[in-house]
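Per-entry structural report
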Amino acid sequence: MTTETGRGRSSAAPRSVDVARLAGVSQKTVSRVFNDEPYVSEDVRRRVLHAAEQLGYRRNNAARALASGRTRSIGVVTLGTALYGPASLLMGVERVVRDTGYALRVVNTVEGDPAGLSGAVDSLLDQGVDGIVVSEPIDEQGDGADPSLRVDVPVLVVGAPPPVTAPVVLTAGGGADLMAHTATEHLLSLGHPTVHHLAGPPRWYAARDRLAGWRSALTAQGRTVPPVVEGDWSAASGYAAGRTFAADDTVTAVFSANDDMAIGLIRALAEAGRRVPEDVSVVGFDDIPVAAYVTPPLTTVRQPFDAVAQEGLKRLVHAIENPTADPLPAGGPPVDLIVRASTAPPRNGGAPTAG
């Protein structure tokens, strides 16, 4: 005869009723905690979560999907790239989605494919996702793509992708123009007569926003708007642009659309005998991990990737689970200028050196 031991009994998967019993609450309260519903005290929420952790309880999302008509999944459309900005945003979205209890489905697009965005969205809809995050940083409309996307689930758009028609369209990750404006104003406040700009590729929405913020800061103060030098986000393109800037003695300040290009720019200036910041001040954008350790440490604008993902996904999940409620309001974009040693007042009070 086989005797059931305590260990054998514990091999059965714990149920929500077990969590309720251990936490000293009702099964309905357990359900409310895991559905993140309001009107649950923090003390009760902590007890339920602690009991679930002790028991190794995992929600049965498949059963919940059958009961609710939802798959408990969120789709993400993103450019397949290792560039810091898009990759960091995707990592932030992945972390937040895990915490919400939803599954994540990611479809990558390829730069230069005009039908990539619509195809990616169709693929996610075919998988039955409950909501979609569109993080598509490139404007492919010039290649003849259909600018309209019709989606029957809530959509969160990050940045400024093409127009989307959906039951709810939320936006997040805006404000790059304000951040660029602040970076340019920082250089002007140091006494530089104007600020040159090393821009990203014009098909990228981020490059357009940062260029617009740079230009608005100069025009607001009646400063000369110099010709734009374009790069491709890489340090190599920043180096090539740096050789151009180094040949112009009137250049005393440069705002670069990202940190990688700024680092290449600084290298070219140094090789040409133009010291940073004594001769030329440089500001980047993103605050990549290495920015604080280059020579000199780079002044830059920090992008709030985690904050954008946290707020955006919170609003998207609310729209999915409360289809008749008003959308949650969006917060204002934070502007975090990190001032380091790559910026300083110009020599000679900012008067350009004669060429």
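This text follows the structure it describes.
With that settled, consider the pattern of salt bridges. One pass over the full model with this rule turns up 11 salt bridges. Between Arg21 and Asp18 there is a salt bridge whose closest N-O contact spans 3.2 Å. Here Asp18 and Arg21 lie together in helix α2 (residues 16–23), a separation of 3 residues that amounts to about one turn. Through salt bridges with shared partners, a single ionic network connects Asp287, Arg302, Asp336 and Arg340.

Attention now moves to α2. Residues three or four positions apart in an α-helix share a direction because the helix packs 3.6 residues into each turn. Within α2, the full set of buried residues consists of Ser16, Val19, Ala20 and Ala23. The buried residues of α2 occupy an angular sector of 100 degrees when projected down its axis, which confines them to one face. Of the residues one or two after α2, Gly24 is the one with positive phi, at around 75 degrees.

To continue, consider the sheet that holds strand β3 (residues 131–135). Strand order in the open sheet formed by 5 strands is β2-β1-β3-β5-β7, and the pairing between neighbours is parallel. The open sheet has two free edges, formed respectively by β2 (103–109) and β7 (169–172), since each of these has just one partner strand. Across the sheet, the mean angle separating the axes of adjacent strands is 20 degrees when strand polarity is ignored. Examined bridge by bridge, β3 and strand β5 (residues 155–158) share 3 bridges and lie parallel to one another. Residue pairing in the sheet places Val133 in a bridge with Leu156 of β5. Where helix α6 (residues 84–100) meets the sheet, it contacts β1 (73–79), β2, β3 and β5, and its direction lies at approximately 160 degrees from that of β2. Where helix α12 (residues 305–321) meets the sheet, its contacts fall on β1, β3, β5 and β7, and the angle it forms with β7 comes to roughly 170 degrees.

Taken together, 6 strands build an open sheet; the order of strands is β9-β8-β10-β11-β12-β13 and the sheet is mixed. A strand with exactly one partner marks an edge of an open sheet, and here the two such strands are β9 (229–230) and β13 (336–338). Bridge analysis of strand β8 (residues 196–199) against β9 gives 2 bridges, and the strand direction is parallel. What sits directly across from Leu198, in β9, is Val229. Relative to strand β11 (residues 281–286), helix α8 (residues 176–189) is tilted by about 165 degrees, and along the sheet it contacts β10 (253–256), β11, β12 (299–302) and β13.

Next up on the list: the nonpolar core. One finds Leu198, Phe245, Val254, Leu265, Leu269, Val282 and Leu298 to be the most contacted residues of the largest nonpolar core, which totals 24 residues. If you list the elements that add at least two residues to this core, you get α10 (235–246) and α11 (259–271). Top contributing element to this core by residue count: α11, with 5 residues. Counting 21 residues, the second largest nonpolar core, distinct from the first, contains Val93, Val97, Leu156 and Leu313.

Quick look at the side chain of Thr194 now. One can find Thr194 in the loop between α8 and β8. A polar atom in the side chain of Thr194 sits 2.5 Å from the backbone oxygen of Thr224. Aside from chain neighbours lying at most four places away, what touches Thr194 is Leu188, Leu218, Arg223, Thr224, Pro226, Thr252 and Ala253.

Take the packing of aromatic side chains next. All told, the structure shown has 3 aromatic pairs when counted by the stated rule. On the numbers, 5.7 Å between centres and 75 degrees between planes, the contact of Trp204 with Trp233 is edge-to-face. With a gap of 29 residues between them, Trp204 in the loop between β8 and α9 (205–220) and Trp233 in the loop between β9 and α10 connect regions that are remote in the sequence. Each member of the pair Trp204 and Trp233 is classed as buried. Geometry around Tyr102 places Arg72 over its ring, the cationic atom sitting 4.1 Å from the centre.

A word on the environment of Phe285. Mapped onto the fold, Phe285 is located in strand β11. Sequence separation of Phe285 and Arg210 is 75 residues, and the distance between their C-alpha atoms is 9.1 Å. Contact partners of Phe285, with chain neighbours within four places excluded, come to Ala176, Met179, Ala180, Arg210, Phe255, Ser256, Ala257, Asn258, Asp259, Thr300, Val301 and Gln303.

With that settled, consider the packing of α6 against α12. Orientation of α6 relative to α12, taken along the N-to-C sense of each, is 45 degrees, at an axis distance of 8 Å. Regarding the angle of α6 to α12, the classification is oblique. With respect to the hand of their crossing, α6 and α12 are arranged in right-handed fashion. Packed against α6, whose contacting residues are Tyr84, Gly85, Ser88, Leu89, Gly92, Val93, Arg95, Val96, Val97 and Thr100, the element α12 presents Phe305, Asp306, Val308, Ala309, Gln310, Leu313 and Val317 at the interface. Of the residues contributing to the contact of α6 with α12, the split by class is 10 nonpolar, 5 polar and 2 charged.

Quick notes on the rules
- Residues numbered from 1 in each chain as written.
- Predicted model: local features only at pLDDT ≥ 70, side-chain atom pairs only at ≥ 80, totals over all residues.
- Heavy atoms only, no water.
- Salt bridge = Lys/Arg side-chain N within 4 Å of Asp/Glu carboxyl O.
- Helix = DSSP H or I, 4+ residues; strand = E, 2+ residues; numbered from the N terminus.
- Buried < 20%, exposed > 50% of the residue type's maximum accessible area, 1.4 Å probe, protein only.
- Arc of directions from axis to C-beta.
- Pairing = 2+ DSSP bridges.
- Axes fitted to C-alpha atoms, helices over the stretch in contact; angles between N-to-C directions.
- Contact = heavy atoms within 4.5 Å.
- Core = buried A, V, L, I, M, F, W, Y, C linked by side-chain atoms within 4.5 Å.
- Polar contact = N/O pair within 3.5 Å; in protein donor to acceptor, adjacent residues only side chain to side chain.
- Phe/Tyr/Trp six-rings, centres within 6.5 Å; stacked < 30°, edge-to-face > 60°.
- Lys NZ or Arg CZ within 6 Å of the ring centre and 35° of its normal.
- Parallel < 35°, antiparallel > 145°, perpendicular 65-115°, else oblique.
- Left-handed = near helix turned anticlockwise from the far one by under 90°.
- Nonpolar A, V, L, I, M, F, W, Y, C, P; charged D, E, K, R; others polar.

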